[in-house]
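An overview of the molecular structure
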Amino acid sequence: MNAAITPTARMKNPALVLPDAMKGIQNIIKAMYQGGVSPQVMELVHLRASQINGCSACVFAGVAGAKKHGESDERLHAVAAWREAPFFTDEERAALALTEAATRIADRSGKAVPDEVWNEAADHFNEGQLSAIILMISFTNFFNRINTTIEEPAGTTW
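Going along each chain's sequence as written, the residues are numbered from 1 onward. Note on the predicted model: pLDDT of at least 70 is required for a residue's local features to be given, and 80 or more for side-chain atom pairs to be given and counted; whole-chain, interface and lining totals, by contrast, use all residues. As a convention, hydrogens and water are excluded, and side-chain values are obtained from all of the structure's heavy atoms.

1. Let's talk about the packing of helix H3 (residues 39–53) against helix H6 (residues 90–103)
The condition is simple: All axes are obtained by fitting lines to C-alpha atoms, using only the stretch in contact for helices, and the reported angles, taken between N-to-C directions, cover 0 to 180 degrees. Think of it this way: any DSSP run of H or I at least four residues long counts as a helix, any run of E at least two long counts as a strand, and we number them from the N terminus. Handedness of each helix crossing follows the sense of rotation of the near helix against the far helix: counterclockwise by less than a right angle gives left-handed, clockwise gives right-handed. Residues count as neighbours in contact if any of their non-hydrogen atoms are within 4.5 Å of one another. Polar here means any residue outside two lists: the nonpolar Ala, Val, Leu, Ile, Met, Phe, Trp, Tyr, Cys and Pro, and the charged Asp, Glu, Lys and Arg; Gly therefore counts as polar.
The N-to-C vectors of H3 and H6 enclose an angle of 35 degrees; their axes lie 9 Å apart at closest approach. Regarding H3 and H6, the two cross each other, and that crossing is right-handed. On the side of H3, the interface is formed by Val41, Leu44, Val45, Arg48, Ala49, Ile52 and Asn53, while H6 contributes Glu91, Glu92, Ala95, Leu96, Thr99, Glu100 and Thr103. Here the contact of H3 with H6 is composed, by residue class, of seven nonpolar, three polar and four charged.

Encoded structure:
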């Protein structure tokens, strides 16, 4: 049997290398969670975007964060197949659809976020809540790109 190899990142996370970046990041995170969206929805959004982008560090962190906010294993195992799974509310589905559209912007011609996806989200969330969700989607994509570039391993804490 082979011993497990502990992967290491190519470099330290840029947010740690440039300390002023971390200050801005912390302020945005704080603002996102003050937008009036439940932490469970925010964590589902983070997890789904990270799954799409194949960021193991963020998927790992997303599951841990969601569990911290009371998510069940049943729901977490179904996030990747949320359309077919019976475990999600209409509000959560709207947030997940918006997450997929905003994360997969290069996958379609025309509008990156189709009107029907936007309108469904706008039916469930007010402007402040939509702002929080959009920031979570964008921020997750931001960190997914950093982590996949530097090959940040799952389970890393910094």
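2. Digging into the packing of aromatic side chains
For any pair of aromatic rings, geometry is given as the distance between the ring centres together with the angle between the planes. Formally: Note on aromatic pairs: the rings of Phe, Tyr and Trp (six-membered ring only in Trp) are paired at centre separations within 6.5 Å, and the planes decide the class, stacked below 30 degrees, edge-to-face beyond 60, tilted for the rest. Exposure is judged per residue with a 1.4 Å probe applied to protein chains only, and the accessible area is read against the type maximum: over 50% gives exposed, under 20% gives buried, and values in between give partly exposed.
Applying the stated criterion to the full structure yields three aromatic pairs. Summarising the aromatic geometry, the rings of Phe139 and Phe142 are spaced 5.6 Å apart at their centres and angled 20 degrees between planes, so their arrangement reads as stacked. With Phe139 and Phe142 both in helix H8 (residues 127–150) and three residues apart, the pair spans about one turn of that helix. Plain terms: the ring middles of Phe142 and Phe143 are 5.1 Å apart, the flat faces sit at 80 degrees to each other, and that makes the pair edge-to-face. By relative accessible area, which is 37% here, Phe142 ends up partly exposed. One aromatic cluster is present, formed by Phe139, Phe142 and Phe143 through successive ring pairs.

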